[in-house]
Amino acid sequence: MRGVTVIILLLLLLAGGGAATLYSRHRRVEAAAAAASRPAMLLVSGDTAGWITPCGCTSNQSGGLLRRASYLAGLRRSANVIYADVGGAPTGAAPYQRVKFEAILAGEKGMSIAAHNLGGPELLLGAEFLRDVSARVGVPLLSANARDAQGRPLADAMCLAEAGGQRVALVGVVSPQFATADVRVEDPKRAILEVLATARGQYDRVVVLAYLPEEELAALAAELPEADAVIGGPTGQAMAPRPAGPSLLAAATNKGKFLVQLDLPATSSASAARIRGKVVEMGPSIPDDAGQLANLRLYQAILAARDFPAAQTGLAPKLPPGAPATYRLAGSESCRTCHVEESRAWDASAHAHAWQTLQPRGFHVDPYCMQCHTTGYGLPGGFDSLRATPDRLGVGCENCHGPSQAHVKDPTARTTFAAADQCTRCHDHENSPTFEYSGHWARIQHGKAAKPLPKLQAAGEVKS
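Each chain carries its own residue numbering, running from 1 in the written order of its sequence. Totals for whole chains, interfaces and linings use every residue, but because this is a predicted model, local features are given only for residues with pLDDT of at least 70 and side-chain atom pairs only at 80 or more, for both listing and counting. Excluding hydrogens and water, the side-chain values take into account all heavy atoms of the structure.

Novice: Explain the sheet that holds strand β3 (residues 115-117) to me, please; I cannot follow it from the model alone.
Specialist: Hydrogen bonding along the main chain pairs the strands of a sheet, whether they run parallel or antiparallel. Across the sheet, six strands lie side by side as β4-β3-β2-β1-β13-β14; this open sheet has mixed pairing. The two strands at the open ends of the sheet, each matched to only one other strand, are β4 (141-142) and β14 (276-281). With six bridges joining them, strand β13 (residues 258-263) and β14 adopt antiparallel strand pairing. Each bridged residue has a counterpart across the sheet, and for Leu259 the counterpart in β14 is Val280. Two residues form a contact once any of their heavy atoms are found within 4.5 Å. Every axis in this analysis is a line fitted to C-alpha atoms, fitted for helices over the stretch in contact. Angles between the N-to-C directions lie between 0 and 180 degrees. Put simply, DSSP marks the helices as runs of H or I at least four residues long and the strands as runs of E at least two long, and each gets a number from the N terminus on. On top of the sheet, helix α2 (residues 65-76) reaches β1 (40-45), β2 (80-85), β13 and β14; it is set at about 155° to β2, its chief contact. The pairing criterion for strands is at least two bridges between them, as found by DSSP.

If you want it as structure tokens, here you go:
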């Protein structure tokens, strides 16, 4: 009797396991059907230009990976979304700029990016670094027409991504004008056609990510009926999707402020002939994503540990030709003996405390921000790094008056800068959108600078 009971229990367990398996399969089929019924979309970013956070110092600026990820997550709650980048993420090839590019790629990985196309700024980093960073971070790089000096491809020519049952071929190209001594660039159109010829039957849609200037971009789109859409940059400003021959043309550019969002109708539908879309702005109403905030904090921790000297950032200003040995900062303390009242006024100013404004959000470790919040960034005797020159924090006298060691030694020698010409180096439209030259100048006038402004420097006539 006991043996019969055991057999019955085993049969029940097996039956239950079978039922569980069938139920699990049923649920998977239901989930797949639900996913296929949701709309399919493509979201494309480009020309991030180093801006992990919104460009500029003010809170009302647009852009940043934190908002991009939040917007993308919102789309994915109701649609199947492919995310890709058209290129232009780094701002140079210096060690600091490489670290920033790697942080951008890490942020894109957190957004489950399908592919990051190699643009002109990426090519400047060199083939070896690009291959290495792609493997380390785990972000697939894309280029059908960029090759190293030995003729080997820098990255995959095509990426197949799926959304709502649609197979989308992402093909990446870059303009030949961005070729370097180490990277050669082949004809974009020919490269695209060669890739598509080898992949026939593998895709339902073709989207080309093309880092080309506007004229080249428009010409490529008009001559490429094989592509459903051509998304580009750098075009200076974002371009809303519009017909270009049989294809669709758009551009995601301008410091990552704007993204191109395309709807991908089912290929069997009557509307499949034309993809539609729009440009979306990553404005201040979009909240920050927690995962991207963690990525930002990690990036800042790396910067704090590396403490890059100005020479390793690509941001140090070039010295004027024939600059003498006395073209060197003396430090604001050197000014106090002769300029007592001016120094007291400066101590009470916001300029003198500019460094402290970076600290609450951790940007005091970022060399990009240091340029305008330290004294004489990268100049002889000026700010070099946090550990090397802690006495050059804040905006000091020589930010406006120039390296003044010669003036300190001989007061009859003039200071090197015309102070009234320096304001807009930092107070440009991105960092100070409400800056009004004559009104703000009046608040900091002192000494001989209290005389009226030169006519050409009046408000509205200064380039930002």
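Novice: Please clarify how the state of the cysteines should be interpreted in this entry.
Specialist: What we call a disulfide is simply a covalent bond connecting the sulfur atoms of a pair of cysteines. Pairs of cysteine sulfur atoms within 2.5 Å are identified as disulfides in what follows. For the coordinates displayed, the defined rule picks out one disulfide. Bridging Cys372 to Cys426, the disulfide has an S-S length of 2.1 Å. The sign of the -95° torsion about the S-S bond sets the Cys372-Cys426 disulfide as left-handed. Placement of Cys372 in helix α10 (residues 367-373) and of Cys426 in helix α13 (residues 423-426) is noted, with a sequence separation of 54 residues between them. For Cys426, a relative accessible area of 18% puts it in the buried group. For the unlinked cysteine Cys338, the closest cysteine sulfur is that of Cys335, found at 8.8 Å. Free of any disulfide, Cys423 has its nearest cysteine sulfur in Cys400, 6.1 Å distant. Summary of the burial criterion: residues with accessible area below 20% of their type's maximum are buried, those above 50% are exposed, and those between are partly exposed, where the area comes from a 1.4 Å probe applied to protein chains only.

Novice: Can you walk me through the packing of helix α3 (residues 95-110) against helix α5 (residues 127-137) in this structure?
Specialist: Two quantities define a packed helix pair, namely the angle between the helix axes and the distance between the axes. In the contact formed by α3 and α5, the axes pass within 10 Å of each other and the chain directions differ by 40°. Our classification of the angle between α3 and α5 gives oblique. Classified by chirality, the crossing of α5 by α3 is right-handed. Every residue of α5 that contacts α3 at Arg98, Phe101, Glu102, Leu105, Ala106 and Lys109 is listed here: Phe129, Leu130, Val133, Arg136 and Val137. Taken together, the residues that form the contact of α3 with α5 break down as seven nonpolar, no polar and four charged. The cut-offs work like this: below 35 degrees is roughly parallel, past 145 is roughly antiparallel, 65 to 115 is roughly perpendicular, and the gaps in between are oblique. Helix crossings are classified by the rotation of the near helix relative to the far one: an anticlockwise turn of less than a right angle makes the crossing left-handed, while a clockwise turn makes it right-handed. Side-chain classes are defined by residue name, with Ala, Val, Leu, Ile, Met, Phe, Trp, Tyr, Cys and Pro counting as nonpolar, Asp, Glu, Lys and Arg as charged, and the others, Gly among them, as polar.

Novice: Explain the pattern of salt bridges here, please?
Specialist: Between side chains of opposite charge, pairing is possible as soon as their charged atoms come close. Here, a salt bridge means any Lys or Arg side-chain nitrogen found within 4 Å of an Asp or Glu carboxyl oxygen. In total, this model carries 13 salt bridges according to the counting rule given. Here Glu102 and Arg136 are joined by a salt bridge, their closest N and O atoms 2.6 Å apart. Here Glu102, found in helix α3, pairs with Arg136, found in helix α5; they are 34 residues apart in sequence, far enough to count as distant. Between Asp132 and Arg136 there is a salt bridge, with the nearest N and O atoms lying 2.8 Å from each other. With Asp132 and Arg136 both in helix α5 and four residues apart, this pair spans about one turn of that helix. We classify Asp132 as partly exposed; its relative accessible area is 37%. Of the residues examined, Arg136 reaches a relative accessible area of 45% and is grouped as partly exposed. When salt bridges with common partners are traced through the structure, they connect Glu102, Asp132 and Arg136 into a single cluster.

Novice: Would you explain the pairing of β13 in this entry?
Specialist: Every regular strand shows the same layout, with side chains that alternate between the two sheet faces. Burial analysis of β13 places five of its six residues in the buried class, the great majority of the element. With four bridges joining them, β1 and β13 adopt antiparallel strand pairing. Counted as the bridge partner of Leu42 is Leu262 from β13.

Novice: Sorry, what's going on with the confidence of the model for the protein here?
Specialist: Regions with low pLDDT should not have their predicted coordinates read in detail. Note: pLDDT gives the predictor's confidence per residue, expressed from 0 to 100. Model confidence for the protein is summarised by a mean pLDDT of 88, while 87% of its residues fall at 70 or above. A low-confidence stretch, residues 8-13 stays under pLDDT 50, and its non-local contacts, those more than four residues away or across chains, total zero contacts. Note that residues 452-464 has pLDDT below 50 and, in this model, 18 contacts with residues that lie over four places away or in other chains.

Novice: Hey, could you run me through the pairing of strand β9 (residues 205-211) in this one?
Specialist: Among the seven residues in β9, seven count as buried, and that is most of the element. The side-chain alternation of β9 yields two buried faces, one formed by Arg205, Val207, Leu209 and Tyr211 and the other by Val206, Val208 and Ala210. Sheet topology note: the β9/strand β10 (residues 229-233) ladder contains five bridges and is parallel. When the sheet's bridge partners are listed, Val207 is paired in β10 with Ala229.

Novice: So what exactly am I meant to see when it comes to the environment of Asp289 here?
Specialist: Looking at the element boundaries, Asp289 is found in the loop between β14 and α8 (290-306). Among the residues examined, Asp289 registers a relative accessible area of 23% and is labelled partly exposed. Considering only alpha carbons, one finds Asp289 and Leu72, 217 residues apart in sequence, at a separation of 9.9 Å. Other than its neighbours up to four places away in sequence, Asp289 contacts Leu66, Ala69 and Ser70. A distance of 2.9 Å separates the side chain of Asp289 from the backbone nitrogen of Gln292, its partner in a polar contact. Under the rule applied, a polar contact is a pair of N or O atoms within 3.5 Å (in protein, one hydrogen donor and one hydrogen acceptor; residues adjacent in sequence only if both atoms are side-chain atoms).

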